[in-house]
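# Tertiary structure, described
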Amino acid sequence: MPNRRRFLRTLAALAAAAAGIVPTATRPRFVGDPFRLGVASGYPLPGGVVLWTRLVVDPRVPGGGIDPVAVPVRWEVARDEAMRDIVSSGTAAATPAWAHSVHVLASGLEPSRWYWYRFTAGDARSPIGRTRTAPAAGVLPASLRFAVASCQHYEHGFFSAWRHVVADAPDLVAFLGDYIYEGSVTWAAPRKHRASSPHTLEEYRLRHALYKSDPDLAAAHAACPWIVTWDDHEVSNDYAADRPDNGMPRDAFLARRAAAYRAYYEHMPLPPEMRPDGPAMRIHTVLDWGALARFAILDGRQYRSVQVCLHEGQTGGSSTADVDDCAALRDPRRTMLGLEQERWLESALATSPACWNLLAQQTPLAQLDQKPGPGRRVWTDGWDGYPVARRRLLDFLAGQRIANPVTLAGDVHMFIVSDLKPDFDDPASPVVASEFCGTSITSGAWPQETVERVLPENPHIRFANSAFRGYIRVQLGPERLRADLRAMQTVRTPDAPCSTLASFVVEDGRPGPHRTA
Ligand code: FE
Ligand code: CA
C-alpha cells in the first residue's frame, strides 16, 4: 500500500513541521523521478561554480510531489563526462522551506576548464550537467563565446531557440529578464499556462516549474553556466520598486514581490548569498572572465523611480507621452538603478581590469523615438523614461574612459543594434558605447512596418528587426566583439530552423557596431 505509507509519512512530517522541526529523510523515496526540472549551473569563478537543482516529481502539483521533509542531496563534480574523475563533492539539504531547491558553490576547481556534475537523492540520479570555470584573474583568454537571451512567454511559442544555443556550445548564457511571464494571453496561443496569474509563493513556484519542465530550456541550463537578471514579468507587468501597474496596495504588492523573488531564487543557479530576505533580493553583481571581460549584471526594477508622464488613471509604462511636453521626465532625482546601485556600478567599471565592459541589463539604452516627424514619443518604462539617469551613465563611461563599454539588453522583443551617445538628439554627440538588444525567445513584438516607420527618427540605430524570435551569439576576443543575430524561422512549431539574420563587430578601442554580414 505505497499510497497509504506515503500518506502516513506525510502526516508525520506535517506534525513535525507544525512543531517547528523539519525532519530529514534518512532514506528518501520518491514516487517518480525527482529531477524532472533538470540541473543548472551559474556564476563561474576561476575556482568554482554554482550548481543548482530542485527536487520535483510532478511540476503540476504544489510541493512538487515531494514529502515536506528535508532531503539530503549529494552533489559531485568531475573532470570527465563519465563522472569517473570526481574532484569536488558534498551533501546539501534540500528543505521544504526553499521548495527542495539546492544551491551550492562547488569550489576547489581549476580555472578555465570544463567540468561535469550531477546530483543524487536516495536512489535517484540527476542528468549530468556540463559547466565550466572562468579564467584566472589577470589571464587574457583568446576568446569567450556567450549567448544573450530574454523574454520567453511560454504561451507565445516553443523554446526551441535554446536548442540552437546548445548547438553553438557557448561558454556562458546571459539571460536578461522575463524568464517567466505572470500573465496569459486570450488568443489561440501554441501553449497555455493553464493557471491564473500567480500571486502566492506556491503559485510562482508552479509557474517556474512549468517553464523549467520545458526540455529545450532544461538542456540549455545543463549545457553551460548562466548569469541572470530579471525584468518586470518575473513579478508583475511594469512594476517600479514597490509600485505595481494595477493599483494593488503597497503592502500587498511587496508580499507578492517577496513571493516572486523567492520563487525566482529557488529556480535559478544563483549564488547562495543572493538568497532573498522578504521582498529584498540583491541580484546585481559582477562576473569577471579573466582580463578579457567584466560583466556588470544590473537590476533595473527593484530600485527604480516610478514611471511618470502618464495619462490620467494610467499606471506602469506608457508610450503615449510626448516627452517634450513633460518636465517630470527630466527630474534629475529619477533613477533606473537606484543611487546606491549607480554608485556601485561606477566603482565596478572604474576598477575593471578587463578589455571589455559588458552591462548585462534589461532594456535598451538607445533612444527610440516612436513619433514620425517633429516631436518625440517614447516608451516611458524603458531607459527613455529615465533620460537623466541614462545620460549620467553614458557621461560616466565617456568621462572615465571605461574600456570598450557594451550594453546588452532585452525587453522590447526585437533585435536593435545601436551607437550609444550622451545626447541622441545631437548629431555631433560622440559615440561612447555600443548596444546589442537581443530579440525574444518567444514573446511577440511590433510589426516590422512600425519599426521601419520610426527608424528615420533614430539615426543612432544601425539595425532593427522585430520580425524574428531568437537570441544573440557573441564571440569576444581582445581585438573585437562579434555578434550574430540568430533568428528562428518560427516558434509556433517545436523544431524550426535558426539562421543568422545579420552580424556586427565592435573593434577594440572604437565604440560603435559595424555590420559585417
Ligand atoms: Fe518581455
Ligand atoms: Ca519624431
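Residues numbered from 1 in each chain as written. Chains lettered and ligands numbered in written order. Predicted model: local features only at pLDDT ≥ 70, side-chain atom pairs only at ≥ 80, totals over all residues. Heavy atoms only, no water.

### A short note on the coordination of the calcium ion (ligand 2)
- Protein coordination at the calcium ion (ligand 2) comes from Asp-369 (OD), Lys-371 (O), Gly-373 (O), Gly-375 (O) and Glu-457 (OE), with a distance range of 2.2 to 2.4 Å.
- All donors of the calcium ion (ligand 2) belong to a single chain; written as a sequence motif, their spacing is D-x1-K-x1-G-x1-G-x81-E. (Donors = N, O, S within 2.8 Å, 3.2 Å for Na, K, Ca; no water.)

### Looking at the packing of helix α3 (residues 201-212) against helix α5 (residues 250-267)
- Put simply, α3 and α5 touch, their axes get as near as 8 Å, and they point 35° apart. Crossing geometry of α3 relative to α5 is assigned as right-handed. On the side of α3, the interface is formed by Leu-201, Tyr-204, Arg-205, His-208, Ala-209 and Lys-212, while α5 contributes Arg-256, Ala-259, Ala-260, Arg-262, Ala-263, Tyr-264, Glu-266 and His-267. (Axes fitted to C-alpha atoms, helices over the stretch in contact; angles between N-to-C directions. Helix = DSSP H or I, 4+ residues; strand = E, 2+ residues; numbered from the N terminus. Left-handed = near helix turned anticlockwise from the far one by under 90°. Contact = heavy atoms within 4.5 Å.)

### Structural notes on empty space enclosed by the protein
- Counted according to the given criterion, the structure contains three cavities of 30 Å³ or more.
- Empty space within the largest cavity amounts to approximately 60 Å³.
- Looking at the largest cavity, the residues that line it are Leu-337, Glu-342, Leu-345, Glu-346, Trp-383, Ala-389, Arg-392 and Leu-393.
- If you list the elements that add at least two residues to the lining of the largest cavity, you get α6 (339-350) and α7 (387-399).
- In terms of residue class, the lining of the largest cavity is made up of five nonpolar, no polar and three charged. (1 Å grid on protein atoms, 1.4 Å probe; cavity = no way out; pocket = protein on both sides within 12 Å on 5 of 7 lines; lining within 4 Å. Points joined across faces, edges and corners; volume = space filled by probe spheres on them. Nonpolar A, V, L, I, M, F, W, Y, C, P; charged D, E, K, R; others polar.)

### Here's the deal with the packing of aromatic side chains
- Evaluation of the coordinates by the stated rule reveals 15 aromatic pairs.
- Summarising the aromatic geometry, the rings of Phe-175 and Tyr-179 are spaced 5.3 Å apart at their centres and angled 75° between planes, so their arrangement reads as edge-to-face.
- Classification of Tyr-179 as buried rests on a relative accessible area of 0%.
- The structure contains a cluster of three or more aromatic residues connected by ring pairs, namely Trp-162, Phe-175, Tyr-179 and Trp-226.
- A cation sits over an aromatic face here: Arg-130 above Trp-114, 3.6 Å from the ring centre.
- We note Arg-301 situated over the ring of Tyr-239; from NZ or CZ to the ring centre the distance is 5.9 Å. (Phe/Tyr/Trp six-rings, centres within 6.5 Å; stacked < 30°, edge-to-face > 60°. Buried < 20%, exposed > 50% of the residue type's maximum accessible area, 1.4 Å probe, protein only. Lys NZ or Arg CZ within 6 Å of the ring centre and 35° of its normal.)

### With respect to the coordination of the iron ion (ligand 1)
- Those donors, Cys-151 (SG), Asp-178 (OD), Tyr-181 (OH) and His-413 (NE2), are the protein atoms that reach the iron ion (ligand 1), and they lie 2.0 to 2.6 Å from it.
- Viewed at the metal, the four donor atoms of the iron ion (ligand 1) are separated by angles of 82 to 172°, and the geometry they form is irregular.
- Residue class for Cys-151 comes out buried when judged on its relative accessible area of 0%. (Tetrahedral: all angles 85-135°; square planar, octahedral: opposite > 155°, others 65-115°.)

### Quick look at the side chain of His-208
- Within the secondary structure, His-208 is located in helix α3.
- Look at His-208 and you get buried, because its relative accessible area is 0%.
- Excluding its chain neighbours within four sequence positions, the residues that come into contact with His-208 are Tyr-179, Ile-180, Ala-263, Tyr-264, His-267 and Met-268.

### Some thoughts on the environment of Glu-312
- For Glu-312, the position within the fold is in the loop between β13 (293-297) and α6.
- Measuring from C-alpha to C-alpha, the distance between Glu-312 and Val-104 comes to 49 Å, with 208 residues separating the pair along the chain.

### Thoughts on the domain arrangement of the protein
- The domain boundaries assigned to the protein delineate domain 1 (2-132) and domain 2 (144-515).
- Using only C-alpha atoms to locate each centre, domain 1 and domain 2 end up separated by 30 Å.
- Between domain 1 and domain 2, the residue contacts involve 29 residues of the former and 34 residues of the latter.
- Summed over both sides, the interface of domain 1 with domain 2 buries roughly 2,600 Å², with 62% coming from carbon and sulfur.
- Broken down residue by residue, the surface that domain 1 buries against domain 2 is led by Tyr-43, Trp-98 and His-103, which jointly contribute 32%.
- On the surface where domain 1 and domain 2 come into contact, there are one salt bridge.
- Where Asp-171 meets Arg-132, a salt bridge forms, and the shortest distance between an N and an O atom there is 2.9 Å.
- At the boundary of domain 1 and domain 2, one finds 13 residue pairs in polar contact (both at pLDDT 80 or more).
- Listed by contribution, the elements that provide at least two residues to the side of domain 1 that touches domain 2 are β1 (39-42), β2 (49-54), β5 (101-106), β6 (114-121) and β8 (129-132). (Domains from an automatic or database assignment. Buried area = accessible area lost by both parts, 1.4 Å probe. Salt bridge = Lys/Arg side-chain N within 4 Å of Asp/Glu carboxyl O. Polar contact = N/O pair within 3.5 Å; in protein donor to acceptor, adjacent residues only side chain to side chain.)

### Some points on the nonpolar core
- The biggest cluster of nonpolar side chains holds 82 residues, and the ones touching the most others in it are Trp-162, Trp-226, Leu-270, Phe-295, Leu-358, Phe-436 and Leu-481.
- Per-element tally for this core: the top contributor is α5, with seven residues.
- Shared between two domains, this core holds at least three residues of each, these being domain 1 (2-132) and domain 2 (144-515).
- In this structure Phe-436 touches Val-406, Thr-407, Leu-408, Ala-409, Ile-416, Val-417, Ile-472, Leu-481, Ala-483, Phe-504, Val-506 and Pro-513, once residues within four positions along its chain are discounted.
- Listed in part, the 25 residues of the second largest apolar core include Ala-25, Val-73, Ala-121 and Ala-124. (Core = buried A, V, L, I, M, F, W, Y, C linked by side-chain atoms within 4.5 Å.)

### Some thoughts on α7
- Taking 1.5 Å of rise per residue, 13 residues should cover 18 Å, and α7 covers 18 Å from first to last C-alpha, within 8% of that figure.
- Of all the positions in α7, only Ala-389, Arg-390, Leu-393, Leu-394, Phe-396 and Leu-397 are classed as buried. Summarising the axial view, the buried residues of α7 lie within an arc of 155°, below the 170-degree limit, and thus occupy one face.
- Packed against the buried residues of α7 are α6, β14 (356-360), β15 (405-409), β16 (415-420) and β17 (433-437).
- Looking one or two residues past α7, Arg-401 carries a phi angle of roughly 50°, positive in sign. (Expected span 1.5 Å × (residues − 1). Arc of directions from axis to C-beta.)

### Regarding the pairing of β14
- Along β14, five of the five residues are buried, which leaves the element largely enclosed by surrounding structure.
- The alternating pattern of β14 places Trp-356, Leu-358 and Ala-360 and Asn-357 and Leu-359 on opposite faces, both of which are buried.
- Where β13 lies against β14, five bridges are found, and the strand directions are parallel. Residue pairing across strands places Ala-296 opposite Leu-359, the latter belonging to β14.
- Relative to β15, β14 runs parallel, the two sharing four bridges. When the bridges of β15 are listed, Leu-359 appears paired with Thr-407.
- Taken together, β14, α7 and β15 constitute a β-α-β crossover, and its handedness is right-handed. (Pairing = 2+ DSSP bridges. Right-handed = clockwise from strand over helix to strand, strands pointing away.)

### A closer look at the state of the cysteines
- In total, this model carries one disulfide according to the counting rule given.
- Unpaired in this structure, Cys-224 has its nearest cysteine sulfur neighbour in Cys-498, at a distance of 16 Å. (Disulfide = S-S within 2.5 Å.)

### Describing unusual backbone geometry
- The phi torsion at Ala-169 lies on the positive side, around 50°, for a residue other than glycine.
- Relative to the elements of secondary structure, Ala-169 occurs in the loop between α2 (161-168) and β10 (172-175).
- Using a relative accessible area of 38% as the deciding quantity, one classes Ala-169 as partly exposed.

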